[in-house]
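Spelled out, the chains give:
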Amino acid sequence: MSISEQDQPIVVALAGNPNSGKTTVFNSLTGARQHVGNYPGVTVERKEGHADFDGHELHVVDLPGTYSLTPYSLEELVARNFVIDERPDVVVDVVDASNLERNLYLATQFIELDIPVIIALNMIDMAEAQGLRIDAELLTQLFGVPIIPMVATTGFGKRELLEAMVEVTAERTKPRVTISFGSELEPHIASVTEKLDDIGLDDQMGISPRWLAIKLLEDDAEVVKDLRERIPEAEELLEGVARARRHIKEILGEDPEIAIGDRRYGFIAGACRRAVVTVKRPKVDITGLIDDIVTNRIVGIPIFLLLMWLMFEMVFTLGEPPMGWIEAGFEWLGAVAAAWLPPGELQSLIVDGIIGGVGGVLVFIPNILLLFLAIAFIEDTGYMARTAFVVDRLMHYIGLHGKSFIPMLIGFGCTVPAVMATRTIDDEKNRLTTMLVAPLMSCSARLPVYLLLAGAFFAPEIAGKVIFGIYLLGVLLAILVALVLRKSLFSGETTPFVMELPPYRLPTLHGLLVHTWERTWLYIKKAGTIILVASIIVWFALTHPAPPPELSAGDSPEQAPVHAAAYSYAGRISKTLEPLLRPLGFDWKIGTSLIAGFAAKEIVVATMGTVYSLDEADEQDQGLREALQSDPQFDPLVAVTLMVFVLIYVPCLAVIAVVRKETNSWKWPLFLIGYTCALAWIVSFIVYQGGRLLGF
Amino acid sequence: MFGRTDLPPLQPALPLVSAAPGRPHQVVELTGGRGMCRHLTDMGFVPGAVVTVMGGHGGALIVTVLDSRLMVSRGMARRIMVRPLT
Ligand SMILES: Nc1nc2c(ncn2[C@@H]2O[C@H](COP(=O)(O)OP(=O)(O)OP(=O)(O)O)[C@@H](O)[C@H]2O)c(=O)[nH]1
Ligand SMILES: [Mg+2]
């Protein structure tokens, strides 16, 4: 190997079935903290990282899970394209040892591809718990590729894996075994391979012609497309392939792709019969037992609702005391800053703009932390995938299927990953519908708004229920909008689907804490960056231009801040929107907060923090909640209406950007902005006017 | 072997949706579009594979195949033809 070659980092692709532990391996190798979870489809985009080992530099790429090199959904295509088009130095196929036969199916396709590949036999601990003994040595011989037993969660086998990567890359070791497809299929594979060889495609594409031949016989759309683009003789070749396919179907009585799959499974079954011994079966099937209960026809949905309710109750009640402490801390900080700094612009910026704004958002860290803890629990146990099953029948009424529910649930944390998670939905219309309603699932950024308002206007016993009600309203609206979309823009049949349900696992404390902290840290970082900047802008817009002295001459101390705000940029903008805001019971303060909240929902809280901090004529320290309570404009009904509005209207700029990226057009993000604003106004109008009529 | 008469007659194939829960069945045939058949094969529903319906009433089914649990929508389960194993 020449020096220059050694300088290049080794490119390692981590591929494998969904939920086999690829990201866990990735994190272990690179020290990254990419998201893992016990359900298929956690990773939908490739993630890259670095590792150093023994003087070698490794460039590690974590891929979405895939069952086959012939992709069925978008995230599978991402994985397939990386391996085929970008030619990593070595592919590590991470397989779940406790689910071996299914996982080795993809491995056979890597062997067909004839590239340097290593099988990481992950989750050996789970396999052992199931009473399975796997003879890795024998399996290595049978598959002709290095097989490394490992436990990604503990780091067992990591060193061996790294050594194997370096060695396989250095020697460019290819699989030493060719999987035979039997006497009926082999002649056809051979003849197509020969034709490809004649064309000299090998050199052009750098891909094993045998693999291409197999994929052509399987009628793989990607390979056919690729071929048409690359070689002029494609049509002639494809005609030959079509003839071969017909012939195979005639003699075997089944489609070639099924026959080919069958031979792969045959090879695997043969190997596993020899290399895997069941020492003793576990006495009880825990996963089966839990499933019997949580997926039960009658209690399944009530259990789900109960869990959701418990989650929000916990977020509210457990989060309340520490929230109070932080709030007190910021009040103290504001008072100290006000005492130290001379009155004027700087004092106002720091006390009203930054401490009032950013502090208002940071106060809710304990609740956010608890919310993420609950979500991490749902993700890590394996219950996440079950919710798809539980709601499947319901989802069918609205023309979606259960699988769409997983992105929606992810939306309770953050809408951005929720939108990305729709990649696992193979049907385009289903996918778009899910993507456009996912923002109605109330994300963690909206929670501070509810906590603030519900906390200020409802007794603690009721506040949790009000918040739960808002979340439920979001779900109901999502269902309603999906129904309308499926009946109008995206009409069509619901597509059938299959989804793997992972075994239940007891989450590790470490895993839960890492998940919770990672996301909470993001929230804190957001407060220190975007929200800080937004708070400063909002503060500026609220305090400039200052009213000329002759206007404010006769003002009492109570009137002065009100007049100043009304004279400011923000006040003027909100004034023009007044006709729209009035029917909802909103004033210019709420209007300003809502406009600022376009960028991110936490900013609604930050803006209120600044507005009310400026408003404190008497410079008496009171928390934002007390300030709201003493504002005559506010009452419980206005608070609920505002929560409803914030729930529904424009998610945030990040969501708009990700919808733009995922749909590759401006049409859908603009549609999303339009419909959410309209819907927010209509529903808020009904809530407010209806509430007033009923005497609230 | 062919002359034996004590073997029970071959049971007729039925779609997976109608399969009796808790009893092992064998996949006989996949019907439906080509892409879908390949996907089913990739997911383990290859002719000859043993599947057992573990749950699901009215909505999707939970089945075990290749030692793992899968959720199969009813539409999909209609395309998988199986025969009870005796
Ligand atoms: N017991 C055990 N659990 C593991 C091991 N490796 C991973 N896990 C768990 O398996 C689950 C799936 O892990 P991920 O790393 O998210 O799997 P993935 O392959 O990246 O999944 P996708 O991104 O959905 O394709 C998580 O709950 C992990 O904690 C292991 O070696 N032993
Ligand atoms: Mg992953």
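Conventions and cut-offs
- Residue indices begin from 1 for each chain and proceed along its sequence in written order.
- Chains carry letters from A onward and ligands carry numbers from 1 onward, assigned in written order.
- The predicted nature of this model means local features are confined to residues of pLDDT at least 70 and side-chain atom pairs, given and counted, to a pLDDT of 80 or more, with totals for whole chains, interfaces and linings taken over all residues.
- In computing side-chain values, all of the structure's heavy atoms are included and hydrogens and water are not.
- Secondary structure elements follow DSSP: runs of H or I no shorter than four residues count as helices, runs of E no shorter than two count as strands, and numbering proceeds from the N terminus.
- Exposure is judged per residue with a 1.4 Å probe applied to protein chains only, and the accessible area is read against the type maximum: over 50% gives exposed, under 20% gives buried, and values in between give partly exposed.
- Strand pairing requires that DSSP identify at least two bridges connecting the strands.
- The donor set comprises N, O and S atoms within 2.8 Å of the metal, extended to 3.2 Å for Na, K and Ca; water molecules are omitted, so apparent gaps in a site may simply reflect that omission.
- Basic side-chain nitrogens of Lys or Arg form a salt bridge, by our definition, when they fall within 4 Å of a carboxyl oxygen of Asp or Glu.
- Lines are fitted to the C-alpha atoms to define the axes, a helix being fitted only along its stretch in contact, and any angle between axes, read from their N-to-C directions, falls within 0 to 180 degrees.
- Note on definitions: a residue-residue contact is assigned when non-hydrogen atoms from the two residues lie within 4.5 Å.
- For any pair of parts, buried area is found by adding up, for both, the accessible area (1.4 Å probe) each one loses once the two are put together.
- Polar contact is defined as a pair of N or O atoms within 3.5 Å, subject to the rule that within protein one atom must be able to donate a hydrogen and the other to accept it, and that residues adjacent in sequence are counted only when both atoms are side-chain atoms.
- Note that Gly is not counted as nonpolar here; it falls among the polar residues with everything else outside the nonpolar set of Ala, Val, Leu, Ile, Met, Phe, Trp, Tyr, Cys and Pro and the charged set of Asp, Glu, Lys and Arg.
- Domain start and stop positions are those given by an automatic or database domain assignment.
- Think of it this way: a Phe, Tyr or Trp ring, Trp meaning its six-membered ring, pairs with another when their centres are within 6.5 Å, and the plane angle makes it stacked under 30 degrees, edge-to-face over 60, tilted otherwise.
- Charges are assigned to positions over rings by a cutoff of 6 Å between ring centre and Lys NZ or Arg CZ, combined with an angular limit of 35 degrees from the ring normal.
- What sets the label is the angle itself: under 35 degrees gives roughly parallel, over 145 gives roughly antiparallel, 65 to 115 gives roughly perpendicular, and the rest give oblique.

1. Section: unusual backbone geometry
Residue and element names in this part refer to chain A. Cis geometry marks the peptide bond from H544 to P545, where omega comes out at -15 degrees. Counting through the fold element by element, P545 comes out in the loop between α27 (530-543) and α28 (549-552). Even without glycine at this site, D54 takes up a positive phi of about 55 degrees. One can find D54 in the loop between β2 (47-53) and β3 (56-62). Judged by its relative accessible area of 60%, D54 is exposed.

2. Concerning the pairing of strand β3 (residues 50-55) of chain B
All names here are of chain B. Relative to β3, strand β2 (residues 24-30) runs antiparallel, the two sharing three bridges. Of the residues in β3, the one forming a bridge with Q26 is V50. Note that β3 and strand β4 (residues 61-65) share four bridges and pair antiparallel. Counterpart to V51 in the pairing with β4 is V65. The turn linking β3 back onto β4 is made up of five residues, and G56 within it adopts a positive phi angle of 105 degrees.

3. Some remarks on the coordination of the magnesium ion (ligand 2)
Residues and elements named next belong to chain A. For the magnesium ion (ligand 2), the protein coordination sphere consists of T23 (OG1) and T43 (OG1), at 2.0 Å. Separated by 20 residues along the polypeptide, T23 in helix α2 (residues 22-30) and T43 in the loop between α2 and β2 bring together distant segments of the chain. The pair formed by T23 and T43 is uniform in burial state, with each residue classed as buried.

4. Examining the pattern of salt bridges
Residues and elements named next belong to chain A. In this structure the tally under the stated criterion is 29 salt bridges over all chains. Linking E45 and K661 is a salt bridge whose minimum nitrogen-to-oxygen distance equals 3.1 Å. Linking E45 in the loop between α2 and β2 with K661 in helix α35 (residues 653-663), this pair joins segments that are 616 residues apart in sequence. Classification of K661 by relative accessible area gives partly exposed; the value is 48%. In this structure, the salt-bridge partner of E662 is R423, at a minimum N-O distance of 2.9 Å. One end of the pair, E662, is in helix α35; the other, R423, is in the loop between α22 (415-421) and α23 (428-437), and 239 residues separate them in sequence. Neither E662 nor R423 differs from the other in exposure class; each is buried.

5. A few points about the sheet that holds strand β4 (residues 90-96) of chain A
All names here are of chain A. Strand order in the open sheet formed by six strands is β2-β3-β1-β4-β5-β7, with mixed pairing between adjacent strands. Only two strands of the sheet have a single neighbouring strand rather than two, namely β2 and β7 (147-149). Going across the sheet, the axis of each strand differs from the next one's by a mean of 25 degrees, ignoring polarity. Where β2 lies against β3, seven bridges are found, and the strand directions are antiparallel. Within β3, the residue paired with H50 across the bridge is H59. Across the sheet, helix α6 (residues 136-143) lies against β5 (117-122) and β7, angled at about 160 degrees from β7, the strand it touches most.

6. Topic: the interface of chain A and chain B
Chain A puts 38 residues into the contact, and the matching count from chain B is 35 residues. Carbon and sulfur atoms make up 61% of the area that chain A and chain B hide from each other, which totals about 3200 Å². Counting every contact that joins chain A to chain B gives two salt bridges. With its nearest N and O atoms 2.8 Å apart, the salt bridge here joins R69 of chain B to D291 of chain A. Taken together, chain A and chain B are joined by 15 residue pairs in polar contact (both at pLDDT 80 or more). Here the element with the most residues in the side of chain A that touches chain B is helix α13 (residues 256-275) of chain A; it accounts for five residues. The residue inventory of the side of chain A that touches chain B, partitioned by class, reads 12 nonpolar, eight polar and 18 charged. Bridge analysis of strand β9 (residues 498-501) of chain A against strand β5 (residues 68-72) of chain B gives four bridges, and the strand direction is antiparallel. Across the sheet, E500 of chain A pairs through a bridge with L70 of chain B, a residue of β5 of chain B.

7. With respect to the domain arrangement of chain A
Split into domains, chain A comes out as domain 1 (3-171), domain 2 (182-278) and domain 3 (301-491 + 510-693). Each of domain 2 of chain A and domain 3 of chain A has a C-alpha centre, and the two are 54 Å apart.

8. Comments concerning the packing of aromatic side chains
Residue and element names in this part refer to chain A. Under the counting rule described, the total for this entry stands at 18 aromatic pairs over all chains. The interplanar angle of 85 degrees and the centroid separation of 6.0 Å between the aromatic rings of F312 and F412 together place this pair among those described as edge-to-face. Note that F312 is positioned in helix α15 (residues 300-317) and F412 in the loop between α21 (405-410) and α22, a separation of 100 residues in sequence. With a relative accessible area of 4%, F312 lands in the buried category. Ring geometry for F490 against W668: centres 5.3 Å apart, planes inclined by 50 degrees, an arrangement best described as tilted. With F490 in the loop between α25 (460-487) and β9 and W668 in helix α36 (residues 667-693), this residue pair connects regions lying 178 residues apart in the sequence. In this pair, the class of F490 matches that of W668, namely buried. Every member of this aromatic cluster is reached through a ring pair, and the members are F312, F412, Y450, F468 and Y471. Above the face of the Y504 ring, R386 is positioned so that its terminal group lies 4.1 Å from the ring centre. The residue whose ring lies beneath R572 is Y567, and the NZ or CZ to ring-centre distance is 4.7 Å.

9. Quick word on the packing of α2 of chain A against helix α7 (residues 158-171) of chain A
Residue and element names in this part refer to chain A. Following both chains from N to C, one finds α2 and α7 inclined at 85 degrees, their axes separated by 11 Å at the closest point. By the angle class used here, α2 and α7 are roughly perpendicular. Contacts from V25, S28 and L29 in α2 reach K158, L161, L162 and M165 in α7. The residue makeup of the contact of α2 with α7, split by class, is five nonpolar, one polar and one charged.

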